[in-house]
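# Survey of secondary and tertiary structure
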Amino acid sequence: MAKLYSFFLAITLVGLVACSNNDKQTSQTSDNELKVKGKEIAQQTLGALSKELKQALQQGGVGKAVPYCNVNALPLTDSMAKIHKVSIRRTSLKTRNPKNSPSNQEKQILGEYQQLLAEGKKPMPRLTSLSDGRTLFNAPILIKPLCLNCHGKVGAQITEKNYEVIKGLYPKDQAINYKVAELRGMWSIVFEKRE
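Predicted model, so just to flag it, every value in this text is computed and none were measured.

Regarding its fold elements, the protein presents five helices and four strands. In the protein, the order of α-helices and β-strands from amino to carboxyl end is α-α-β-α-β-β-α-α-β. Buried positions account for 33% of the 195 residues belonging to the protein. In the protein, once contacts between residues fewer than 6 apart in sequence are set aside, the share between residues at least 24 apart is 68%. Carbon and sulfur atoms make up 57% of the accessible area of the protein, which totals about 12,200 Å².

So this is what it looks like as structure tokens:
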């Protein structure tokens with residue numbers, strides 16, 4: 001009888017461990033799917049913003065690109081959010097538009113990304129479970145050469161005249177003096193609660 005009891009106990013434990021591992025795999029798969037989806041949404045939104053921004057730069061330089069961003073960046077981001085049924089933000093420790101100011105949680109993540117770069121490591125997209133059951137996706141935005149037209153050093157990559165345009169539209173601008181490969185900010189995408 002003791003052997004039979006031990007056998008059933010062993011079978012039950014194996015079943016519990018298998019179920020527990022299965023739940024972890026399901027959660028892991030869901031996390032991986034959300035990371036992939038977050039990257040896709042960020043790339044599509046960046047693609048839409050970049051396409052229009054490049055056209056504005058080609059047609060009239062920074063003097064045309066900055067007013068384009070001022071009027072269209074947030075509505076374009078909002079329209080992409082509606083398409084994907086998520087919320088999408090771009091935020092930074094050095095904002096141009098105060099509407100993009102980071103939350104305390106975002107400040108912490110941005111700080112961690114900066115620390116990774118300072119250590120010579122590549123910051124990667126990440127997920128954070130929020131207290132209300134939603135999931136936050138973050139991915140770093142690094143400065144590329146094209147970005148320096150509006151986010152570089154005044155007097156070097158940004159002319160005084162162009163910076164007057166920037167300051168006229170964004171009086172509290174902090175988003176200058178960047179170098180290539182520095183952390184400009186990050187994508188902050190919130191997925192609704194998983195079923």
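Taking 1.5 Å per residue, 15 residues should reach 21 Å; helix H3 (residues 104-118) reaches 21 Å between its end C-alpha atoms and fits that length. Of the positions making up H3, those classed as buried are Glu106, Ile109, Leu110 and Tyr113. The arc enclosing the buried residues of H3, seen along the axis, measures out at 100°, which places them on a common side. Residues Asn104, Gln108 and Ala118 are exposed on H3 and point more than 90 degrees away from its buried face. Where the residues of H3 are buried, they touch strand E1 (87-91), strand E2 (126-129), strand E3 (135-142) and strand E4 (183-191). Glycine 120 lies just past H3 and shows a positive phi near 80°.

Across the nine residues of E4, nine count as buried, placing the element largely inside the fold. Both E1 and E4 contribute to a ladder of five bridges, which runs antiparallel. Bridge pairing in E4 links threonine 91 to methionine 186.

This next bit is on the side chain of asparagine 138. Mapped onto the fold, asparagine 138 is located in strand E3. A polar atom in the side chain of asparagine 138 sits 3.2 Å from the side chain of serine 188. Contact partners of asparagine 138, with chain neighbours within four places excluded, come to Ile109, Tyr113, Met124, Pro125, Arg126, Met186, Trp187 and Ser188.

Relative to the assigned elements, glutamate 106 resides in helix H3. With a relative accessible area of 6%, glutamate 106 lands in the buried category. In terms of polar contacts, glutamate 106 uses its side chain to reach the side chain of serine 188, at 2.5 Å. Glutamate 106 has contacts with Arg89, Thr91, Ser101, Met186 and Ser188, leaving out every residue within four places of it along the chain.

Bringing the sheet that holds E1 into the picture now. Reading across from one edge, E1-E4-E3-E2 is the order of the four strands in this open sheet, with antiparallel pairing throughout. At either margin of the open sheet sits one strand with a lone partner, and together these are E1 and E2. Looking at each pair of strands side by side, their axes are set apart by 20° on average, direction ignored. Most of the contacts of H3 go to E4, to which it runs at about 135°, and overall it touches E1, E2, E3 and E4.

Another aspect to go through is the packing of aromatic side chains. Taken as a whole and judged by the stated rule, the model has zero aromatic pairs. Above the plane of the ring of tyrosine 178 lies lysine 94, whose end atom (NZ or CZ) is 4.3 Å from the centre.

Take the environment of isoleucine 158 next. Mapped onto the secondary structure, isoleucine 158 falls in the loop between helix H4 (148-151) and helix H5 (160-169). Taking the C-alpha atoms as reference, isoleucine 158 lies 8.5 Å from valine 62; in sequence the two are 96 residues apart. Apart from residues no more than four positions distant in its own chain, isoleucine 158 is found in contact with Leu148, Asn149, Cys150, His151, Gly152, Lys153, Tyr163, Ile166 and Ile176.

Conventions we followed
- Residues numbered from 1 in each chain as written.
- Predicted model: local features only at pLDDT ≥ 70, side-chain atom pairs only at ≥ 80, totals over all residues.
- Heavy atoms only, no water.
- Helix = DSSP H or I, 4+ residues; strand = E, 2+ residues; numbered from the N terminus.
- Buried < 20%, exposed > 50% of the residue type's maximum accessible area, 1.4 Å probe, protein only.
- Contact = heavy atoms within 4.5 Å.
- Areas by Shrake-Rupley, 256 points an atom, 1.4 Å probe, with all protein chains shown as cover.
- Expected span 1.5 Å × (residues − 1).
- Arc of directions from axis to C-beta.
- Pairing = 2+ DSSP bridges.
- Polar contact = N/O pair within 3.5 Å; in protein donor to acceptor, adjacent residues only side chain to side chain.
- Axes fitted to C-alpha atoms, helices over the stretch in contact; angles between N-to-C directions.
- Phe/Tyr/Trp six-rings, centres within 6.5 Å; stacked < 30°, edge-to-face > 60°.
- Lys NZ or Arg CZ within 6 Å of the ring centre and 35° of its normal.

So far we have only geometry, and geometry alone does not tell us how the molecule works.
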